[in-house]
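Listed below, chain by chain, are the residues.
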Amino acid sequence: MPRVVVPATSANLGPGFDVLGLCFDLSNTFTYSIESDFQCTGFSSEYDMDHNLVIKSYKTIFALLSQDPIPIHLHAQCEIPISRGLGSSSSCIIAGCVIANEVLNHPFTKEEIAKFATTIEGHPDNVIPCLFGGLVASKFNDNHLFTVSYPISTKLHFLVLIPDFELETATAREILKPEISRIDAISNIQNTLLLLEGLRTGNEALIHEGINDTIHVPYRKTLIEDYDILKHIVYKHGGIGFTISGAGPTCLAIFTNEIPIDDINIELVTCAHHWKIMEMFINMNGTRIEV
Ligand SMILES: Nc1ncnc2c1ncn2[C@@H]1O[C@H](COP(=O)(O)OP(=O)(O)OP(=O)(O)O)[C@@H](O)[C@H]1O
Ligand SMILES: N[C@@H](CCO)C(=O)O
């Protein structure tokens, strides 16, 4: 049966709020077949047919063509934790759009799919690296999508720290201030440029300074009780950068040395929540279609 393999992503990378995103080698796999009715399996019960983001996105593509959706049986095998800041919603949106395009025999280009997915998600920073892979900056304005891929030094290692609680992106956006000061805007522009050069070269000082954000992390960290202690543990064990992954609550850490997973794990017992840590490898290819 045909399937799409849709990767996890970490958005923002600190200062690149709603702009930067990085694609990881952890995926949801959606198998589908054309049938006479719609059926979903492999999803938890709360995401039944009426509340399923893959099916909703699938139907959106048909609606764009003013066509009735062709029923499919959809089966999910999910590795991406839900509402944790690793792009689970984007993986569903991309899956629905890509499967619809396959079933319809490719009426849309990949770039058009990227635009539709961005419209459904509301911002491009997860869906674009999810579709194309790698480290990407993107802007969607007036139906124009601009994407720039950036290189990443092979010296770098990425660690995600995933807690035992969820945080919906909508909630994590509600607490942000509607306006930002000039000084914070300047700081984020500076840091984004430093960070991208640091990620390209593996320069530790540039990453350490450049990953700092002033427009979302200071507010969102109040929703992540262990944020400061996790940051302390990561830096104590050689981390060169630490921030929230996406809207959180997962945190992202960057290392230039091999990640001392066991040493970090031992220290995590001091946290209020249970944290699972995983080294993540960069996925440069994005979403894969296997027909
Ligand atoms: N495996 C899944 N099965 C069904 N629905 C899912 C699945 N993964 C994500 N979703 C949908 O996406 C929503 C979670 O999206 P949300 O934006 O809160 O988190 P996220 O995408 O994981 O985080 P972030 O955007 O910060 O990376 C769920 O409420 C559900 O609607
Ligand atoms: N840029 C988004 C990513 C999560 O969807 C945010 O931080 O809210």
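Note that the coordinates shown come from a computational prediction; the quantities given were computed from them, not determined experimentally. (Residues numbered from 1 in each chain as written. Chains lettered and ligands numbered in written order. Predicted model: local features only at pLDDT ≥ 70, side-chain atom pairs only at ≥ 80, totals over all residues. Heavy atoms only, no water.)

Asker: I'm lost on the domain arrangement of the protein chain in this one. Help?
Answerer: By convention, interface size is frequently given as the accessible area that disappears when the constituent parts associate. If you check the domain split of the protein chain, you get domain 1 (3–150 + 283–290) and domain 2 (157–280). Computed over C-alpha atoms, the centres of domain 1 and domain 2 are 24 Å apart. Taken residue by residue, the interface counts 22 residues in domain 1 and 35 residues in domain 2. Considering only the surface of domain 1 that becomes buried against domain 2, Pro-15, Phe-17 and Arg-84 emerge as the three largest contributors, covering 31% of it. The tally of links from domain 1 across to domain 2 stands at two salt bridges. With a shortest N-O distance of 3.7 Å, Glu-166 and Arg-84 are connected by a salt bridge. There are 12 residue pairs in polar contact (both at pLDDT 80 or more) connecting domain 1 and domain 2. Elements with a minimum of two residues in the side of domain 1 that touches domain 2: strand E1 (3–11) and strand E2 (20–34). The element contributing the most residues to the side of domain 1 that touches domain 2 is E2, with four residues. Broken down by class, the residue content of the side of domain 1 that touches domain 2 amounts to 13 nonpolar, seven polar and two charged. (Domains from an automatic or database assignment. Contact = heavy atoms within 4.5 Å. Buried area = accessible area lost by both parts, 1.4 Å probe. Salt bridge = Lys/Arg side-chain N within 4 Å of Asp/Glu carboxyl O. Polar contact = N/O pair within 3.5 Å; in protein donor to acceptor, adjacent residues only side chain to side chain. Helix = DSSP H or I, 4+ residues; strand = E, 2+ residues; numbered from the N terminus. Nonpolar A, V, L, I, M, F, W, Y, C, P; charged D, E, K, R; others polar.)

Asker: Help me out: how do you make sense of the packing of helix H1 (residues 53–64) against helix H2 (residues 88–103) in this one?
Answerer: Packed helices, taken two at a time, are described by the angle between their axes plus the distance between the axes. It is the contact of H1 with H2, at a shortest axis distance of 7 Å, that shows an interaxial angle of 40°. Compared by their axis directions, H1 and H2 come out oblique. In this structure, the crossing between H1 and H2 has a hand that is right-handed. Contacts from Leu-53, Val-54, Ser-57, Tyr-58, Ile-61 and Phe-62 in H1 reach Ser-89, Cys-92, Ile-93, Ala-95, Gly-96, Cys-97, Ile-99, Ala-100 and Val-103 in H2. Classifying every residue of the contact of H1 with H2 gives 12 nonpolar, three polar and no charged. (Axes fitted to C-alpha atoms, helices over the stretch in contact; angles between N-to-C directions. Parallel < 35°, antiparallel > 145°, perpendicular 65-115°, else oblique. Left-handed = near helix turned anticlockwise from the far one by under 90°.)

Asker: Looking at this model, I keep getting lost on the site of ligand 1. Mind explaining?
Answerer: Contacts to ligand 1 come from 18 residues, most closely from Gly-87, Ser-88, Ser-89, Thr-169 and Ala-247. Within the contact set of ligand 1, an oxygen atom lies 2.6 Å away from a side-chain nitrogen or oxygen of Ser-88. Its free accessible area being 640 Å², ligand 1 has 89% of it covered by the protein chains. Put simply, ligand 1 lies in the largest pocket. Of the residues that constitute the shell around ligand 1, the class distribution is eight nonpolar, eight polar and two charged. A domain split of the shell around ligand 1 shows at least three residues from each of domain 1 (3–150 + 283–290) and domain 2 (157–280). (Near = heavy atom within 4 Å. Areas by Shrake-Rupley, 256 points an atom, 1.4 Å probe, with all protein chains shown as cover. 1 Å grid on protein atoms, 1.4 Å probe; cavity = no way out; pocket = protein on both sides within 12 Å on 5 of 7 lines; lining within 4 Å. Sits in = over half its atoms within 2 Å of the grid points.)

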